[in-house]
Amino acid sequence: MHKTISFDYQLFEDDSSLNPNLQQLLKAANDAINLSYAPYSRFHVGAALLLSNGEIIKGSNQENASFPAGICAERVALSVASSLFPSEKIITVAIAYRNGAETVSFDTILSPCGICRQSLLETTQRQQSDIGVILSSPTGQIIYLERAAHLLPLAFSSLHL
Ligand code: THU
């Protein structure tokens, strides 16, 4: 039996199609890039979460000389949100980056790593509602998808334990 998994997303050339709240969220993600500590990869990432109380939480990647100890911007932001506002739901996450390598093309839209997808999925299950995702390139192109859970099909989760 063959089955197919697919999902819809929107691709925009700039942020003008986003509502003002989401434009502000993406700006917060871009601001958070400046708080990144990424001396090893020189890949600076910012994430911003819009909470159900209207609060915006920022996170940036924090690297370490012991490379596996580094943590991605998305998971920094998720940890801050659940530590400071454990009962607020996360409505949307926005992610932005700046690459230190000048030779690399600047129009690639960032997509979260597998571990961050797993963490986002856990959050959607914990709060019993999905999370919208805004992914961006340094030149301002945007992917918007309504469900973070779509980023990790056939996922392992607490349902298996
Ligand atoms: N990184 C993030 O913070 N988020 C992503 O979505 C992709 C990767 C970080 C981890 C590491 O500090 C650097 O980017 C290079 O992988």
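Located above this text is the structure these notes cover.
Residues numbered from 1 in each chain as written. Predicted model: local features only at pLDDT ≥ 70, side-chain atom pairs only at ≥ 80, totals over all residues. Heavy atoms only, no water.

S.K.: Describe in detail the site of the ligand, supporting the description with residues and values.
M.R.: Surveying the vicinity of the ligand reveals the residues Ser41, Phe43, Val45, Asn61, Glu63, Cys72, Ala73, Glu74, Ser111, Pro112 and Cys113. Side-chain polar atom of Asn61 to an oxygen atom of the ligand: 2.9 Å apart, as the coordinates give it. With respect to the ligand, the backbone of Ala73 contributes an N or O atom lying 2.9 Å from an oxygen atom. Bound to the protein, the ligand loses 76% of the 370 Å² it would expose on its own. (Near = heavy atom within 4 Å. Polar contact = N/O pair within 3.5 Å; in protein donor to acceptor, adjacent residues only side chain to side chain. Areas by Shrake-Rupley, 256 points an atom, 1.4 Å probe, with all protein chains shown as cover.)

S.K.: Account for the packing of helix H2 (residues 73-84) against helix H3 (residues 114-127), with residues named and values stated.
M.R.: For any two helices packed against each other, the geometry comes down to the angle between their axes and how far apart the axes lie. Packing of H2 against H3 leaves a shortest axis separation of 9 Å and a crossing angle of 25 degrees. With respect to H3, the element H2 is oriented roughly parallel. Crossing handedness for the pair H2 and H3: left-handed. Of H3, the residues touching H2 (which contributes Glu74, Arg75, Leu78 and Ser82) are Ile115, Cys116, Ser119, Leu120, Thr123 and Arg126. Broken down by class, the residue content of the contact of H2 with H3 amounts to 4 nonpolar, 3 polar and 3 charged. (Axes fitted to C-alpha atoms, helices over the stretch in contact; angles between N-to-C directions. Helix = DSSP H or I, 4+ residues; strand = E, 2+ residues; numbered from the N terminus. Parallel < 35°, antiparallel > 145°, perpendicular 65-115°, else oblique. Left-handed = near helix turned anticlockwise from the far one by under 90°. Contact = heavy atoms within 4.5 Å. Nonpolar A, V, L, I, M, F, W, Y, C, P; charged D, E, K, R; others polar.)

S.K.: So what about the nonpolar core? Which residues, and what values?
M.R.: Side chains of nonpolar character tend, in soluble globular proteins, to be buried together. Membership of the largest hydrophobic core comes to 23 residues, with the highest contact counts inside it found for Leu49, Ile90, Val93, Val133 and Leu135. Contributions of two or more residues to this core are made by strand E2 (43-51), H2, strand E4 (90-99), strand E5 (132-136) and strand E6 (142-145). Non-local contacts of Leu49, meaning those with residues more than four positions away in its chain, are made with Leu25, Glu55, Ile56, Ile57, Ala77, Leu78, Ala81, Ile90, Thr92 and Val93. (Core = buried A, V, L, I, M, F, W, Y, C linked by side-chain atoms within 4.5 Å. Buried < 20%, exposed > 50% of the residue type's maximum accessible area, 1.4 Å probe, protein only.)

S.K.: Got a sec to walk through the pattern of salt bridges? Specific residues and values, please.
M.R.: All told, the structure shown has 2 salt bridges when counted by the stated rule. Residue Asp31 is joined to Lys27 by a salt bridge in which the shortest nitrogen-to-oxygen separation is 3.2 Å. Placement of the pair is Asp31 and Lys27 together in helix H1 (residues 20-33), with a separation of 4 residues, close to one helical turn. Between Arg147 and Asp130 there is a salt bridge whose closest N-O contact spans 3.6 Å. (Salt bridge = Lys/Arg side-chain N within 4 Å of Asp/Glu carboxyl O.)

S.K.: An account of a nonpolar patch on the surface is requested, with residue identities and associated values reported.
M.R.: Taken together, the side chains of Phe7, Tyr9 and Leu11 make up a nonpolar region of the molecular surface, amounting to roughly 310 Å² of accessible area. Along the polypeptide, Leu11 turns up in strand E1 (residues 10-12). (Patch = residues over 30% accessible without salt bridge, like charges linked within 9 Å, V, L, I, M, F, W, Y side chains within 5 Å.)

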